[in-house]
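Summary of the model geometry
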Amino acid sequence: MNGRLWLVSRNEELPIKRQCELLGVSRSSFYYEPREPSSEERELEELIKRRIDYWHTKYCWMGARKLVDKLRADDGILGIGRQLARRYMREMGIYAVYPKPRTSILDKGHKKFPYLLRGMDIWLPNQVWAIDITYIPVKHGHMYLAAIIDWHSRYLIGWELSSTLETAPVLEAVRSALKKHGTPAIINSDQGSQFTSSEY
């Protein structure tokens, strides 16, 4: 119910029409009573959701538009549009999986640093670490993984998961790696804003 609709009362001296006008709500929303879906409508909804789940499992990159095309063409379900498919997808926690905005965006306020590892012979543990951030799709959206590997051993030596592309998770990954493995000679990264920030 609209936040102001509960203020409208049938028992007031002021007519309902005038109360709705003063509160800026539509009269039809005051009189609206939700209708219980019929068993056929519930069955159709369940069928559509099952097929959305099937097609999403098979083609996880498809959004609502493509899924509607599949439902119509392959399943013969004609009574569905993009808005309804999108609503069902939201209810089911289904989202199209595709690369999100690039994680390596340069912070324009910081200078560029030269690449120092070209031709370097890496023969010791803790000589060079590499850190990067990658995008990971999960059940209800996505996460970002900041990970550090030792170039000599190729072992993962530090990591942190986050729902945002902020610098704090990167710092936490570095702190945990330093605590467990000591200080490397070089930590190599791209020049994304997390790695050129003053905090980093």
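Just above, that's the structure.
A brief structural summary. (Residues numbered from 1 in each chain as written. Predicted model: local features only at pLDDT ≥ 70, side-chain atom pairs only at ≥ 80, totals over all residues. Heavy atoms only, no water.)

**Considerations on helix H4 (residues 64-73)**
The condition is simple: Summary of the burial criterion: residues with accessible area below 20% of their type's maximum are buried, those above 50% are exposed, and those between are partly exposed, where the area comes from a 1.4 Å probe applied to protein chains only. Here a helix means four or more residues in a row that DSSP labels H or I, a strand means two or more in a row labelled E, and each is numbered from the N terminus. Working definition: the arc comes from the directions between the helix axis and the C-beta atoms, pointing outward to the latter. Any two residues having at least one pair of non-hydrogen atoms within 4.5 Å are treated as being in contact.
The set of residues buried in H4 consists of Ala64, Leu67, Val68, Lys70 and Leu71. Looking straight down H4, one finds its buried side chains confined to an arc of 160°; they lie on one side. With respect to the buried face of H4, the exposed residues turned more than 90 degrees away are Arg65 and Ala73. On its buried side, H4 packs onto helix H3 (39-58) and helix H5 (82-92).

**Re helix H6 (residues 167-181)**
Quick note on the threshold: How far a helix is expected to stretch is found by multiplying one less than its residue total by 1.5 Å.
Between its first and last C-alpha, H6 extends 21 Å over 15 residues, near the 21 Å set by a 1.5 Å rise per residue. Those residues of H6 lying buried are Thr167, Pro169, Val170, Leu171, Ala173, Val174, Ser176 and Ala177. Glycine 182 lies just past H6 and shows a positive phi near 85°.

**What about the pattern of salt bridges?**
Note the cut-off: The term salt bridge refers to a pairing of a side-chain nitrogen on Lys or Arg with a carboxyl oxygen on Asp or Glu at a separation within 4 Å.
Tallied over the entire structure, the rule returns seven salt bridges. Here glutamate 91 ties to lysine 49 by a salt bridge, and the two come within 2.8 Å at their closest N and O atoms. Of this pair, glutamate 91 sits in helix H5 while lysine 49 sits in helix H3, and the two are 42 residues apart along the sequence. Looking at lysine 49, the relative accessible area reads 15%, which means it is buried.

**Here's the deal with a positive patch on the surface**
The cut-off we apply is this: The residues that make up patches have over 30% relative accessible area and no salt bridge, and they are joined within 9 Å when like-charged or within 5 Å when they are Val, Leu, Ile, Met, Phe, Trp or Tyr. The Shrake-Rupley method, run with a 1.4 Å probe sphere, supplies the accessible areas, and residue values consider only the shown protein chains as cover. We treat Lys and Arg as the positive residues and Asp and Glu as the negative residues; His and chain ends play no part in the count. Charge coordinates come from a single atom per side chain, which is NZ of Lys, CZ of Arg, CG of Asp or CD of Glu.
A cluster of like positive charges, contributed by Arg65, Lys66, Arg82, Arg86 and Arg90, occupies part of the molecular surface. When contributions to the positive patch are tallied by element, the ones reaching two or more residues are H4 and H5. For the positive patch, the leading source of residues is H5, giving three residues. By relative accessible area, which is 45% here, lysine 66 ends up partly exposed.

**Things to note about the environment of leucine 22**
Note that leucine 22 resides in helix H1 (residues 16-23). Residue class for leucine 22 comes out exposed when judged on its relative accessible area of 54%. In this structure, the C-alpha to C-alpha distance between leucine 22 and valine 8, residues 14 residues apart in sequence, is 9.9 Å.

**Some points on the packing of aromatic side chains**
This is how the line gets drawn: Ring pairs shown here join Phe, Tyr and Trp side chains whose ring centres sit within 6.5 Å, with only the six-membered ring taken for Trp; geometry is labelled stacked below 30 degrees between planes, edge-to-face above 60, and tilted in between. In this analysis the charged atom, NZ for Lys or CZ for Arg, is taken to sit over a ring once it is within 6 Å of the ring centre and within 35 degrees of the ring normal.
Taken as a whole and judged by the stated rule, the model has four aromatic pairs. A centroid spacing of 5.3 Å and a plane angle of 80° characterise the contact between phenylalanine 195 and tyrosine 200, whose relative ring orientation is edge-to-face. In textbook terms, an aromatic cluster arises when at least three aromatic residues are bridged by ring pairs, as seen for Tyr54, Trp55, Tyr59 and Trp61. Of note, lysine 70 hangs over the ring of tryptophan 55, and the distance from its end group to the ring centre comes to 4.9 Å.

**Quick look at the nonpolar core**
Heads up, the rule is: For the purposes of this section, nonpolar cores are sets of buried Ala, Val, Leu, Ile, Met, Phe, Trp, Tyr and Cys residues that join through side-chain atoms within 4.5 Å.
Counting residues in each nonpolar core, the largest one holds 14 residues, and the members touching the most others are Ile48, Ile52, Leu67, Leu71, Ile80 and Met89. If you list the elements that add at least two residues to this core, you get H3, H4 and H5. Looking at this core element by element, the count peaks at four residues for H4. With near-sequence residues (within four places) excluded, isoleucine 80 lies in contact with Ile48, Val68, Leu71, Arg72 and Ala85. Counting residues in each nonpolar core, the second largest holds twelve residues, with Trp129, Ile131, Tyr144 and Ile157 among its members.

**A closer look at the packing of H4 against H5**
So the rule is basically this: Here an angle of 0 to 180 degrees is reported between the N-to-C directions of two axes, which are lines fitted to C-alpha atoms, with helices fitted over the stretch in contact. Reported orientations rely on four angle classes, namely roughly parallel under 35 degrees, roughly antiparallel over 145, roughly perpendicular from 65 to 115, and oblique for the rest. The nonpolar class holds Ala, Val, Leu, Ile, Met, Phe, Trp, Tyr, Cys and Pro. Asp, Glu, Lys and Arg form the charged class, and all remaining residues, Gly among them, are polar.
The geometry of H4 relative to H5 is characterised by a closest axis approach of 9 Å and an angle of 110° between their N-to-C directions. Taken together, the axes of H4 and H5 lie roughly perpendicular to each other. Between H4 and H5, the residues in contact are Ala64, Arg65, Leu67 and Val68 and Arg82, Ala85, Arg86 and Met89, respectively. The residue makeup of the contact of H4 with H5, split by class, is five nonpolar, no polar and three charged.

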